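Here's the letter readout for the chains.
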Amino acid sequence: NNTDDRVFDNILKQALAVKLEESPFLGIVSDDKITKNLKFMGRSPAQGLSRDVAQQLCQRSGSKAFIAGSVGKLGSGYVLNLDAVNCTSGDTLARVQSRAPSKDQVLRALDQGASKLRAQLGESLRSVQAFDTPIEEATTSSLEAWNLYCTGTKVRKEKGEIAAIPFFKAAVERDSSFALAYRSLGIAYNNTGQTNLGRQNSEKAFELREHSSERERYKITAS
């Protein structure tokens, strides 16, 4: 995040993961596996990832590539860069730049950039089009709700379910059609013994499951 707006610290990474997970040809390394490998390297997850550390993690996890991303201001708008980098050689495999005229268009610009990146990495246009739910439909059109959801996901990993519940709850209050947030809220309530609230929110997520990507719909249906 090369802007002064801290809202971009967390939301873009998770939004990009949602978009790339739509592809049947790409597998995303889990945060748990990344955290585990960072500990083996004697590093704290709180330190963040430099390009060099990301390449080491990529090799340790047996992956083919990592995505280096950035967002910066450009006049009154924003510019986003996505680089797919070969884990072994460090060579750039694909590079995409997209622009957003305003803050509330940044997620849409990231959405377009991710689709172009998938195509540059070799996925057929037919596949990209078949598995490409617009980010605002797959998640939420509210930047504030998405930020709350991403913060809740981060807090859950660091402090547990109880601490994350207020963030997921606030996210669905900002956007009452936010299926992913209802699913996470339902899971959090269930895991803390509040089964009635857990069931209610899981059912709400199921009712709204069409407001999510195909992969997330499977997760919501399972919940």
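Please refer to the structure higher up on the page.
A quick note: this is a predicted structure, and the numbers were derived from the prediction, not measured. (Residues numbered from 1 in each chain as written. Predicted model: local features only at pLDDT ≥ 70, side-chain atom pairs only at ≥ 80, totals over all residues. Heavy atoms only, no water.)

Along its length, the protein carries 11 helices and three strands. Reading the helices (α) and strands (β) of the protein from amino to carboxyl end gives α-α-α-β-β-β-α-α-α-α-α-α-α-α. Computed over its C-alpha atoms, the radius of gyration of the protein comes to 18 Å, within 12% of the 17 Å expected for a compact globule of 223 residues. Overall, the C-alpha framework of the protein stretches about 50 × 40 × 35 Å when taken along its three principal axes. Every one of the 223 residues in the protein was classed for burial, and the buried ones make up 43%. Across the protein, every contact between residues at least 6 apart in sequence was considered, and the portion connecting residues at least 24 apart equals 53%. With an accessible surface of roughly 11900 Å², the protein has 47% of that area assigned to carbon and sulfur atoms. A distance of 4 Å separates the average location of the 31 positive side-chain charges in the protein from that of its 26 negative side-chain charges. (Helix = DSSP H or I, 4+ residues; strand = E, 2+ residues; numbered from the N terminus. Rg over C-alpha atoms; globule rule 2.2 N^0.38 Å. Buried < 20%, exposed > 50% of the residue type's maximum accessible area, 1.4 Å probe, protein only. Contact = heavy atoms within 4.5 Å. Areas by Shrake-Rupley, 256 points an atom, 1.4 Å probe, with all protein chains shown as cover. Lys, Arg positive; Asp, Glu negative; His and termini not counted. Charge placed at Lys NZ, Arg CZ, Asp CG, Glu CD.)

Time to look at a nonpolar patch on the surface. Together, I67, L93 and L121 line one region of the surface with nonpolar side chains, adding up to about 220 Å² of accessible area. Within the fold, L93 resides in strand β3 (residues 92-100). (Patch = residues over 30% accessible without salt bridge, like charges linked within 9 Å, V, L, I, M, F, W, Y side chains within 5 Å. Salt bridge = Lys/Arg side-chain N within 4 Å of Asp/Glu carboxyl O.)

Moving on, we come to the side chain of R183. On the secondary structure map, R183 appears in helix α9 (residues 179-191). For the buried R183, which has no salt bridge, the nearest side chain bearing the opposite charge is E216, at an N-O separation of 4.7 Å. Residues in contact with R183, not counting those within four places in the same chain, are A205, K219, I220 and S223.

Let us now look at helix α4 (residues 106-120). The α-helix advances 3.6 residues per turn, and as a result positions three or four apart in sequence lie on the same side. Taking 1.5 Å per residue as the helical rise, α4 with its 15 residues ought to reach 21 Å, and the 21 Å between its terminal C-alpha atoms agrees with that figure. In the stretch just after α4, G122 is the one whose phi turns positive, near 115°. (Expected span 1.5 Å × (residues − 1).)

Interpretation note: all reported values are geometric properties and have no functional meaning in isolation.
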